[in-house]
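Residues per chain, in single letters:
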Amino acid sequence: MQIIEKHVGRALVIHFDNPPVNALAVGGGLVQDIERRVARAQTDNSVESIILTGGSSVFSAGADIADFEGAPERIDAIRVLMQTVENSKKPIVAAIGGLCLGGGLELAVAAHYRVASSTAKFAFPEISLGLLPGGGGTQRSPRLAGAAKAIDLMLSGKAISAAEALEIGLIDRVADGDVLDFALAVAATGLAGLARKSGQLPVPADLADAIEEAGHRPRLTDAGQKIIDCVRAIADEDLEAGLKLEADHFGELMLSETSRALRHAFFGRRMVARIPGGTRAGSRPVSRVTVVGGGLMGTGIAIALLNADLAVSVVEPRPDALAKCRAGIDTSLRRDADKGRISSEVSERRLAALSVTQTLDEAVESDLYIEAVFEDMGAKRDVFEALDRVAPPDAILASNTSTLDLDAIAQFTARPASVVGLHFFSPANIMRLLEVVRGAKTAPETLASAMTFAKRIGKTGVVAGVCDGFIGNRVFEEYLRQAWFLLEEGASPQQVDRALEAFGMAMGPCRVMDLAGQDIGWNIRKRRAVEQPGRPYSKVPDLICELGRFGQKTGAGFYQYPDGRTPQIDPLVEDLIVAHSREIHLDRRVIADGEIVERCIFAMINEGAKLVGEGIAYRPVDVDIVYLDGYGFPASRGGPMFYADQIGLSRLLEKMQQFEGGHHGWAWEPAPLILDLAKKNQTFGDLNR
Ligand code: 3H9
């Protein structure tokens, strides 16, 4: 972290440098240092104008998010900086190269003139952290860009280009060539008549209409409401009062559980990319990938890879399946172009990067091979033996298995160190999560390469050790186990779904399994009955399956789907469940929604803790990110392990002990890690490093 100051003619250039993203850190003192220098320049007679710059690639990614873990007053240093900048007697130019986000944009907006490189990008991403622009952004940007445009930026968090920022008046000029040289040239020709104090500009003419329109937006969060509140204050209050309201609202949001959860997820997504004790240095670059298997999963994977501009070969021996795969890829890429998500040139270029063949021998040599064939050990053996024969010696060999033993698969080759699991979630081109499975013999370099590859294709890669279900499905199994027990004890499918959806799960378990296919769970339960006879499930979902009701694809599951998609309550299912409770001599009782949530979510937490204790997941945050990015866990709760810390592990244990005394209490044996942490008065968060 440093500031380089230089005098160029009568201009003072203050170049701040805080790698990697020029976060405006209060803790590290950068903010205070910039402020001191701007204040000092006021009395330096050799200085006529001041240029603030962060260099050519990042102006600033905003406030240092780590600073928000302290007391809200700490952040005041940012506001002091903004005030000093705006009140400067000498004109201040923001020379913006590259990213200009959040507090960085607020700094630019507090300056008196803004020039940006043509590649610069502007956004207020605070909303995605459950926050609002708290450094004057809600007060100054509407005065510059108009209320509707500014509100849209703040509520959506979306980025705009330099050209768009110029068009809406957020910046003043787009630089030809180097942005600092351009800013210096502007300063040298004089800023008289150009420099403006944004905070003193008139109330934007569209304010009332924009506030009215914004108030009707669906799903406004607390942060969204507060943004609108602050902008409304522009009409009613002077700048100082507006800034005070903004600071108060920011302080409240910063301390809210939602924002803390979203910040946990922000750092968590980056933390899971770090392999403990590992390094990215040895990563092998991946530019060409062969996908073996052109079914639904293989097709989705191929689309995801093409969308990341990789060259892809798909190998599928069955001609009709190969044709279907090719058509699926074509449709997806062309649809993206039709919908304007990509240009038709990009779509054509990506399609040209695809080749399909019926045999592996015909496929182009690749850096990475991803097996996506049927979940059967014999089929995997055939593929991996063939891969061992044809793949170049330094290629990575990956299996997309979700249930089979990766270590056994690796043994089908003479190079188990190059074998890794890449567990995509369906549809693979949409779902953000990628479980990267580390086998007993997977080399650190193979694992690091797989994680780099995950980032390259825009996925959140989370490392999991080998076990049945890895992180995601192993935890999900315990969640479902409780959901199905609750049905036989007295709850209805719609009550279980409603309770968990009210907690924030994207979809309740009955609807999820109807969507995924009830037969998938049925197969797992049949296998488990043999493998783990001491850990039974409720028979309820099996009874549903025995009627041929596999969910949406058969028009019925826990619910009926007359239009193929919308669930409708089916009295037959209710009767079937009640009859089953009677048959197993269980007196059905009224179950509170709170119990449904606690049992399902605490079961998730307990299994997550077991995974961390066993070393399958590196850290509790790895479980959180799997759940946030792959299983629809509510972002505002930060993932199951973060949520557990909010409840408190001692309270969690107490509740689990109560459940231990109830129906199928054996399922509540606490994870040793929870006992250990609770004894030491520690949290899961303490293990996240
Ligand atoms: C704000 O500004 C509030 C204001 O209104 C003022 C209030 C008074 N702080 O993502 P990457 C780290 S709120 C701290 O892997 P990329 C990140 O953790 C802020 N650290 O790279 C990572 O660290 P590590 C509003 C930050 O190229 C490293 O930088 N701003 C921050 O894929 C590289 O990040 C935002 O919400 C930060 N602000 O993406 C922007 N930003 O290497 C958040 C990044 O140790 N940031 N780091 O894991 C982003 O969206 C992306 O990081 C960015 C780069 C697009 C900048």
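What counts and how
- Residues numbered from 1 in each chain as written.
- Predicted model: local features only at pLDDT ≥ 70, side-chain atom pairs only at ≥ 80, totals over all residues.
- Heavy atoms only, no water.
- UniProt positions renumbered as here; feature names shortened; annotations may be inferred.
- Salt bridge = Lys/Arg side-chain N within 4 Å of Asp/Glu carboxyl O.
- Helix = DSSP H or I, 4+ residues; strand = E, 2+ residues; numbered from the N terminus.
- Buried < 20%, exposed > 50% of the residue type's maximum accessible area, 1.4 Å probe, protein only.
- Near = heavy atom within 4 Å.
- Polar contact = N/O pair within 3.5 Å; in protein donor to acceptor, adjacent residues only side chain to side chain.
- Areas by Shrake-Rupley, 256 points an atom, 1.4 Å probe, with all protein chains shown as cover.
- Nonpolar A, V, L, I, M, F, W, Y, C, P; charged D, E, K, R; others polar.
- Pairing = 2+ DSSP bridges.
- Right-handed = clockwise from strand over helix to strand, strands pointing away.
- Arc of directions from axis to C-beta.
- Contact = heavy atoms within 4.5 Å.
- Domains from an automatic or database assignment.
- Patch = residues over 30% accessible without salt bridge, like charges linked within 9 Å, V, L, I, M, F, W, Y side chains within 5 Å.
- Lys, Arg positive; Asp, Glu negative; His and termini not counted.
- Charge placed at Lys NZ, Arg CZ, Asp CG, Glu CD.
- Core = buried A, V, L, I, M, F, W, Y, C linked by side-chain atoms within 4.5 Å.
- Axes fitted to C-alpha atoms, helices over the stretch in contact; angles between N-to-C directions.

The UniProt entry for the chain carries this comment under Subcellular location (unreviewed entry): "Peroxisome". Listed under Catalytic activity (unreviewed entry) in UniProt, the entry text for the chain is "a (3S)-3-hydroxyacyl-CoA + NAD(+) = a 3-oxoacyl-CoA + NADH + H(+)".

Glancing now at the pattern of salt bridges. Going through the model one piece at a time under the given rule, you end up with 52 salt bridges. We note a salt bridge from Arg326 to Asp330, for which the minimum N-O separation is 3.7 Å. Of this pair, Arg326 and Asp330 are both found in helix α13 (residues 319-338), four residues apart, which corresponds to roughly one turn of the helix. On the accessibility criterion, Arg326 (30% relative accessible area) is partly exposed. Judged by relative accessible area, Asp330 falls into the partly exposed class, the value being 22%.

Another point: the UniProt feature "domain: 3-hydroxyacyl-CoA dehydrogenase C-terminal" (unreviewed entry) in the chain. The UniProt entry lists residues 469-561 and 596-681 under the feature "domain: 3-hydroxyacyl-CoA dehydrogenase C-terminal" (unreviewed entry), expressed in the numbering used here. Secondary structure across residues 469-561 divides into 62% helix and 0% strand, with the first and last C-alpha atoms of the span separated by 29 Å. Here residues 596-681 is 67% helix and 0% strand, with 27 Å between the C-alpha atoms at its ends.

This part covers the site of the ligand. The environment of the ligand is formed by 28 residues, the closest being Ala61, Gly103, Glu106, Glu126 and Arg270. Gly134 places a main-chain nitrogen or oxygen 2.9 Å from an oxygen atom of the ligand. Note that an oxygen atom of the ligand is positioned 3.4 Å from one of the side-chain N or O atoms of Lys455. Here the ligand, which alone exposes 1,000 Å², has 74% of that area covered by the protein. Sorting the residues of the shell around the ligand by element identifies β6 (99-101), α3 (103-110) and α11 (257-271) as the ones contributing at least two each. It is α11 that contributes the most residues to the shell around the ligand, three residues altogether. When the residues that make up the shell around the ligand are grouped by side-chain class, the tally is 17 nonpolar, five polar and six charged.

This paragraph deals with the pairing of strand β14 (residues 368-371). Every regular strand shows the same layout, with side chains that alternate between the two sheet faces. The side-chain alternation of β14 yields two buried faces, one formed by Leu368 and Ile370 and the other by Tyr369 and Glu371. When β14 meets strand β15 (residues 396-399), the two strands line up parallel, connected through four bridges. Following the sheet pairing, Leu368 is matched in β15 by Ile396. Handedness of the crossover joining β14 and β15 through helix α15 (residues 377-390): right-handed.

Before going further, it helps to examine helix α20 (residues 509-516). Along α20, the residues classified as buried are Pro509, Cys510, Met513 and Asp514. Each buried residue of α20 sits inside an arc of 135° when the element is viewed along its axis, so together they form one side. Buried residues in α20 make contact with α18 (472-489), α19 (493-503) and α21 (518-531). Gly517 occupies a position one or two residues after α20 and carries a positive phi of about 110°.

Another point: the domain arrangement of the chain. Looking at the assigned domains, one finds that the chain contains domain 1 (2-255), domain 2 (288-464) and domain 3 (472-688). For domain 1 versus domain 2, the distance between C-alpha centres works out to 43 Å.

Residues Asp236, Glu237, Asp238 and Glu240 make up a contiguous surface patch of negative charge. Within the fold, Glu240 resides in helix α10 (residues 239-255).

Moving on: the nonpolar core. Counting 90 residues, the largest nonpolar core has Ile601, Ile605 and Phe684 as the members making the most contacts within it. Top contributing element to this core by residue count: helix α24 (residues 593-614), with eleven residues. With near-sequence residues (within four places) excluded, Ile605 lies in contact with Pro640, Met641, Tyr643, Ala644, Leu652, Ile674 and Phe684.

Right, let's get into the sheet that holds β6. Strand pairing within a sheet occurs via backbone hydrogen bonds; the two strands may be parallel or antiparallel. Reading across the sheet, the four strands line up as β4-β6-β8-β9 and stay open at both edges, with mixed pairing between neighbours. Here the strands that pair on one side only, and so sit at the sheet edges, are β4 (58-60) and β9 (160-161). Note that strand β8 (residues 121-123) and β9 share two bridges and pair antiparallel. Counterpart to Phe122 in the pairing with β9 is Ile160. In the packing of α3 onto the sheet, the strands contacted are β4, β6 and β8, and the crossing angle to β6 comes to about 90°.

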